[in-house]
Amino acid sequence: NSSDLSPSSFILASIPGLEAAHFWMAILLCSVYILAVTGNCVVLFIVKTEPSLHAPMYFFLCMLAAIDLALSTSTVPRVLCFYWFNTREISFGACLVQMFLIHTLSAIESTVLLAMAVDRYVAICHPLRHAAILTNSATVKIGLVATARGVLFFLPLPLLLLPLPFCSSRVLSHSFCLHQDVMNLACANTTPSMVYGLTAILLVMGLDAILICLSYVLILKAVLRLALWKERLKVFSTCVAHICVVLAFYVPLIGLSVVHRFGKDLAPLVHITMGNIYILVPAVLNPIIYGVRTKQIQRRILNLI
């Protein structure tokens, strides 16, 4: 009998031949995690304690920092336990919870990035109406809508996997749980789960990416109407940080999706590396990007130092 009605646990992936290097890999991963936690906590502290930063743009930045903290904390400590203490098993329930958190938090981050793009569009194309449209209360409502949207779209993913029987092979291809990775281990028809997962991704991340691109097309048209190149560069430079953050989020997401869809024959190192990049790169880069590009945050960091 090659299947069970309800699996008790899954086995997290390890890199064949590199088991002896797990300790040092964990040191590297832990260092990156500490950097991500420190950077995002500094951003939250600076925005909270600096009244001049109490504006929609920086509130959105705080949302990104909080999401990155939650996303990395929901995965990295468990991965470190695996590398340091060789605890490769993760219970079925914990795996579903971790999967739900990863996909939901990613959806919320995508929505916040779209809101930041709209903020840049209104600030550049309709500057006189910016303060009236994007008020502090409107920012809070956007955050609540982003959270509700992520939960409603991705709560069905673990529910669809819950009744499925799973094969005797319980080895995942990552050091944490993702929907498609878990779904591929099922010994039943996974078409409903696959269709819904793809639909949710397209309706959330895919739609957000299209709308972000559309907002920048409109921004670019408005910038090109300016007479002087110096003015064009000055206005468009206010969008550079957000563009970098969008790329830091969507490039690893697309890369991980491509590896899942077309890279089944790739080495386990590729899957594990892409998974870790997807979880940690945005969390590390976001505070660095805004710290470098935002003078107010720069000054506050120098004062703290």
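Keep in mind it's a predicted model, so treat the numbers as computed, not measured. (Residues numbered from 1 in each chain as written. Predicted model: local features only at pLDDT ≥ 70, side-chain atom pairs only at ≥ 80, totals over all residues. Heavy atoms only, no water.)

(A) A look at the packing of aromatic side chains. Summed over all chains, the structure comprises six aromatic pairs. Plain terms: the ring middles of Phe10 and Phe92 are 5.8 Å apart, the flat faces sit at 50° to each other, and that makes the pair tilted. Of this pair, Phe10 sits in strand S2 (residues 9–11) while Phe92 sits in helix H4 (residues 92–125), placing them 82 residues apart in sequence. Relative accessible area serves as the criterion here: at 0%, Phe10 is assigned to the buried category. Ring centres of Phe82 and Tyr83 lie 5.1 Å apart, and the angle between their planes is 25°; on these two criteria the pair is classed as stacked. A relative accessible area of 0% places Phe82 in the buried class. (Phe/Tyr/Trp six-rings, centres within 6.5 Å; stacked < 30°, edge-to-face > 60°. Helix = DSSP H or I, 4+ residues; strand = E, 2+ residues; numbered from the N terminus. Buried < 20%, exposed > 50% of the residue type's maximum accessible area, 1.4 Å probe, protein only.)

(B) Focus on the nonpolar core. Among the nonpolar cores identified, the biggest contains 81 residues, and Phe10, Val112 and Leu113 are the most heavily contacted of them. Sequence-distant contacts of Val112, defined by excluding residues within four places in its chain, comprise Phe60, Met63, Leu64, Ile67 and Ala146. (Core = buried A, V, L, I, M, F, W, Y, C linked by side-chain atoms within 4.5 Å. Contact = heavy atoms within 4.5 Å.)

(C) Region of interest: the side chain of Asp208. Structurally, the position occupied by Asp208 is in helix H9 (residues 191–224). On the basis of relative accessible area, Asp208 is assigned to the buried category, the value being 0%. A distance of 2.7 Å separates the side chain of Asp208 from the side chain of Ser110, its partner in a polar contact. Setting aside residues up to four positions removed in sequence, Asp208 forms contacts with Ser110, Thr111, Leu114, Arg149 and Tyr250. (Polar contact = N/O pair within 3.5 Å; in protein donor to acceptor, adjacent residues only side chain to side chain.)

(D) Examining the UniProt feature "transmembrane region" (unreviewed entry) in the protein more closely. When the UniProt feature table is mapped onto this chain, "transmembrane region" (unreviewed entry) is found at residues 20–46, 58–85, 91–118, 139–162, 200–223, 235–257 and 269–292. With 96% helix and 4% strand, residues 91–118 has its two end C-alpha atoms placed 41 Å apart. For residues 235–257, helix accounts for 87% and strand for 0%, while the C-alpha atoms at its two ends are 34 Å apart. (UniProt positions renumbered as here; feature names shortened; annotations may be inferred.)

(E) The UniProt feature "domain: G-protein coupled receptors family 1 profile" (unreviewed entry) in the protein, seen in detail. UniProt annotation of "domain: G-protein coupled receptors family 1 profile" (unreviewed entry) refers to residues 39–290 when read in the numbering used here. Secondary structure across residues 39–290 comprises 77% helix and 2% strand; the distance between its end C-alpha atoms is 10 Å.

(F) Representation of the pattern of salt bridges in the model. This model, assessed by the stated rule, comprises three salt bridges. Between Glu50 and Arg300 there is a salt bridge, with the nearest N and O atoms lying 3.4 Å from each other. Placement of Glu50 in the loop between helix H1 (22–49) and helix H2 (56–73) and of Arg300 in helix H13 (residues 295–304) is noted, with a sequence separation of 250 residues between them. The residue Asp119 makes a salt bridge to Arg120 at a minimum N-O spacing of 3.0 Å. (Salt bridge = Lys/Arg side-chain N within 4 Å of Asp/Glu carboxyl O.)

(G) Broad picture of the packing of helix H6 (residues 136–154) against H9. The geometry of H6 relative to H9 is characterised by a closest axis approach of 10 Å and an angle of 160° between their N-to-C directions. In terms of axis orientation, H6 runs roughly antiparallel to H9. Within the contact between the two elements, H6 uses Arg149, Leu152, Phe153 and Phe154 and H9 uses Tyr196, Ala200, Ile201, Leu203, Val204, Met205, Leu207 and Asp208. Across the contact of H6 with H9, the residue classes tally to ten nonpolar, no polar and two charged. (Axes fitted to C-alpha atoms, helices over the stretch in contact; angles between N-to-C directions. Parallel < 35°, antiparallel > 145°, perpendicular 65-115°, else oblique. Nonpolar A, V, L, I, M, F, W, Y, C, P; charged D, E, K, R; others polar.)

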